[in-house]
Amino acid sequence: YEICEVTGVQTCALPICLGRHRGFGRLIARLTLVGVIAFQSGRGLVQSDESWPQWRGPQRNGVVEGVAWPQTLGVESLSRSWRVELGEGYPGPIVSGGRVFTVESGSKKVETVRAFDQETGELLWDHAWAGGMKVPFFAAKNGSWVKSTPATDGKSLLVGGMQELLVSLDVETGGENWQIDFSNLLKSERPSFGFVCSPVIDDGFVFVQAGGGIAKIDIETGELIWHVGAGGDGMNDGAFSSPIIGNLMGARQLVVQGREALKGLNIDSGQILWQQNIKAFRGMNIVTPVAFEDSFFTTTYGGRARLWTIGKTGEQFEVENPWDNKLQGYMCTPVVVNGHAYFHLRNQRAACVDLRTGEIAWVTDERFGKYWSIVAQGDRLLALDEQGELILFRANPDRFELVDRREIANSETWGHLTVVDGQLFVRELNGLSAWNWKATSELASNE
């Protein structure tokens, strides 16, 4: 077995001999599966250190490479290079080809995508369409703004509008390639909370949770290849989570979490290969499942934190739950470092869990904001809460080891933090700011 120091993915080479005994075959299949599961962003994405082409980064796991982070967040190592005013919005910014893309709700009836020069903040183009909607009263206190983070393969930009509109734009010009109105196309009800899912691109196709289910679309033409799950199967009324793609037992799979169930789908046909009901208050399965070895980690509002292990006997996939604990996540999708998940809880504390045993390594006494977006580089994690505070801490399973903290915005920051080769991009409620930091080596040479 070998373990990648950055991703923690374990790989092995083990011959399979199922034999005639069902238990023996299942054991060998399970052993072989450990580490063979490798979930990532999908093929066909720009994945250099200079890009952040989708929600949660190049590999869709919050792991950052490139320039080493500084040891502090002080003004000597982190400074703002530019800021632009925007309409309200929650999508995280993405970066590709020297451009930064973000989306806004300019009014109650219009949604706009803007492209900025990565170095200067100069507006390169914008594109708008009729859209927008009002969310239910208990969610309206945080605004009815556009939420979905776009994705790009370096050629096309895929953007989700609140009324379940998926728009494809040319990254160079902002010209529209095509658009799909899922509610009209599939005769489905528009989701109460709007289009929340962040698209994922894979090998010439884009996947989204929309129309009460999951859809596969040809990225060049906008043709709907397949749509499954419509009609109240656990993904109805829109999803709060986003899909991930990868290899499981040598097969490409799409893993999605709807409001009631976690599922694995055949990426070519959309066939449901396995599924597991996930309990959450009012179906608030917001956290995207996190892949770990042969398992997926989920944590829900009003439910519990659980590990779901995927096995296979013959052609039949099976789901088991080796452990669970009392921790309740809310909206923060965890980051995994060396077999431990680090994340933010419903009660506004931060926590660390050993994914192999389910043991709660620690929970902070301090309460932070209502939400964190987290990224990791080596043994350090960077979290941005919705109050505009940036928090740097160690990936230490023994204790919460705070390194530094700093307020970098005076408005809400619900968009996911973006880190690209020495630059940080922060989506504020009414703006976008770019920050530069000096690498550890640069700071040392200046002393």
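This is a predicted model, so every value here is computed, not measured.

Regarding its fold elements, the protein presents four helices and 35 strands. Excluding contacts between residues fewer than 6 apart, the proportion of contacts in the protein whose partners are at least 24 apart in sequence is 54%. Counting every atom, the protein has about 17500 Å² of accessible surface; 48% of that belongs to carbon and sulfur.

Residue-level pLDDT values for the protein average 85, and 85% of them are 70 or greater. Scored below 50 in pLDDT, residues 1–37 shows 66 contacts in the model against residues more than four places distant or in partner chains. Throughout residues 231–235 the model reports pLDDT below 50, and contacts reaching past four residues in sequence, or to other chains, amount to 16 contacts.

Let's shift gears to the nonpolar core. Counting 30 residues, the largest nonpolar core has Phe-297, Tyr-342, Phe-343, Trp-372 and Leu-381 as the members making the most contacts within it. Contributions of two or more residues to this core are made by β21 (290–292), β23 (305–313), β25 (335–337), β26 (340–344), β27 (350–354), β29 (372–377), β30 (380–385) and β31 (389–394). When residues of this core are assigned to their parent elements, the largest contribution, four residues, is made by β27. Apart from residues lying up to four places away in sequence, Phe-343 is in contact with Phe-297, Thr-299, Leu-327, Cys-332, Pro-334, Arg-349, Ala-350, Ala-351, Val-353 and Ile-374. Membership of the second largest hydrophobic core comes to 27 residues, among which are Trp-52, Trp-82, Leu-86 and Val-95.

With that settled, consider the packing of aromatic side chains. Enumeration over the complete set of coordinates arrives at 19 aromatic pairs. Measuring from ring centre to ring centre gives 5.2 Å for Phe-193 and Phe-240, while their planes differ by 75 degrees; the resulting arrangement is edge-to-face. With Phe-193 in the loop between α3 (182–186) and β13 (200–202) and Phe-240 in the loop between β16 (224–228) and β17 (244–248), this pair connects stretches of sequence that are 47 residues apart. Owing to a relative accessible area of 14%, Phe-193 belongs among the buried residues under this scheme. Classification of Phe-240 as buried rests on a relative accessible area of 13%. Measuring from ring centre to ring centre gives 6.1 Å for Phe-207 and Trp-226, while their planes differ by 55 degrees; the resulting arrangement is tilted. Of this pair, Phe-207 sits in strand β14 (residues 205–210) while Trp-226 sits in strand β16, and the two are 19 residues apart along the sequence.

Moving on, we come to the sheet that holds β13. The pairing of strands in a sheet happens through backbone hydrogen bonds and is either parallel or antiparallel. An order of β13-β14-β15-β16 is seen for the four strands of this open sheet, with the pairing classed as antiparallel. Of all strands in the sheet, those with a lone pairing partner are β13 and β16, marking the two edges. Ignoring which end each strand starts from, the neighbouring axes of this sheet average 20 degrees apart. Examined bridge by bridge, strand β15 (residues 213–218) and β16 share four bridges and lie antiparallel to one another. From the neighbouring strand, Ile-214 faces β16, where its bridge partner is Val-228.

The tally for this structure, following the rule as stated, stands at 15 salt bridges. Between Glu-172 and Arg-99 there is a salt bridge; the shortest N-O distance is 3.0 Å. Here Arg-99 lies in strand β6 (residues 99–105) and Glu-172 lies in the loop between β11 (165–170) and β12 (176–181), a separation of 73 residues in the sequence. Here the salt bridges share partners, and the residues they tie into one network are Arg-83, Glu-85 and Glu-428.

This part is about the environment of Phe-195. Here Phe-195 is to be found in the loop between α3 and β13. The class of Phe-195 is buried, set by a relative accessible area of 2%. Each C-alpha atom, one on Phe-195 and one on Gly-161, is 6.1 Å from the other, the two residues being 34 residues apart in sequence. Among residues more than four places away in sequence, those in contact with Phe-195 are Lys-147, Ser-148, Gly-160, Gly-161, Met-162, Glu-164, Leu-165, Phe-182, Val-208 and Ala-210.

With that settled, consider the side chain of Thr-313. Secondary-structure assignment places Thr-313 in strand β23. One polar contact links Thr-313 to Glu-318, side chain to side chain, over a distance of 3.3 Å.

A few words now on the sheet that holds strand β5 (residues 94–96). Pairing is antiparallel in the open sheet, where four strands are placed in the order β5-β6-β7-β8. In this open sheet, the two strands that pair with only one neighbour each are β5 and β8 (123–130). Pairs of neighbouring strands in the sheet enclose a mean axial angle of 20 degrees, with direction left out of account. Inspection of the sheet shows β6 paired to strand β7 (residues 110–117) by seven bridges, in the antiparallel sense. What sits directly across from Thr-102, in β7, is Arg-114.

On to the pairing of β23. The element β23 is largely enclosed, with a buried count of eight among its nine residues. Inspection of the sheet shows strand β22 (residues 295–299) paired to β23 by five bridges, in the antiparallel sense. From the neighbouring strand, Ser-295 faces β23, where its bridge partner is Thr-309. Between β22 and β23, which pair antiparallel and follow one another directly, the connecting turn spans five residues, one of which, Gly-302, has a positive phi of 85 degrees. Across eight bridges, the pairing between β23 and strand β24 (residues 316–325) is antiparallel.

About the thresholds
Residues numbered from 1 in each chain as written. Predicted model: local features only at pLDDT ≥ 70, side-chain atom pairs only at ≥ 80, totals over all residues. Heavy atoms only, no water. Helix = DSSP H or I, 4+ residues; strand = E, 2+ residues; numbered from the N terminus. Contact = heavy atoms within 4.5 Å. Areas by Shrake-Rupley, 256 points an atom, 1.4 Å probe, with all protein chains shown as cover. pLDDT = per-residue confidence, 0-100. Core = buried A, V, L, I, M, F, W, Y, C linked by side-chain atoms within 4.5 Å. Buried < 20%, exposed > 50% of the residue type's maximum accessible area, 1.4 Å probe, protein only. Phe/Tyr/Trp six-rings, centres within 6.5 Å; stacked < 30°, edge-to-face > 60°. Pairing = 2+ DSSP bridges. Axes fitted to C-alpha atoms, helices over the stretch in contact; angles between N-to-C directions. Salt bridge = Lys/Arg side-chain N within 4 Å of Asp/Glu carboxyl O. Polar contact = N/O pair within 3.5 Å; in protein donor to acceptor, adjacent residues only side chain to side chain.

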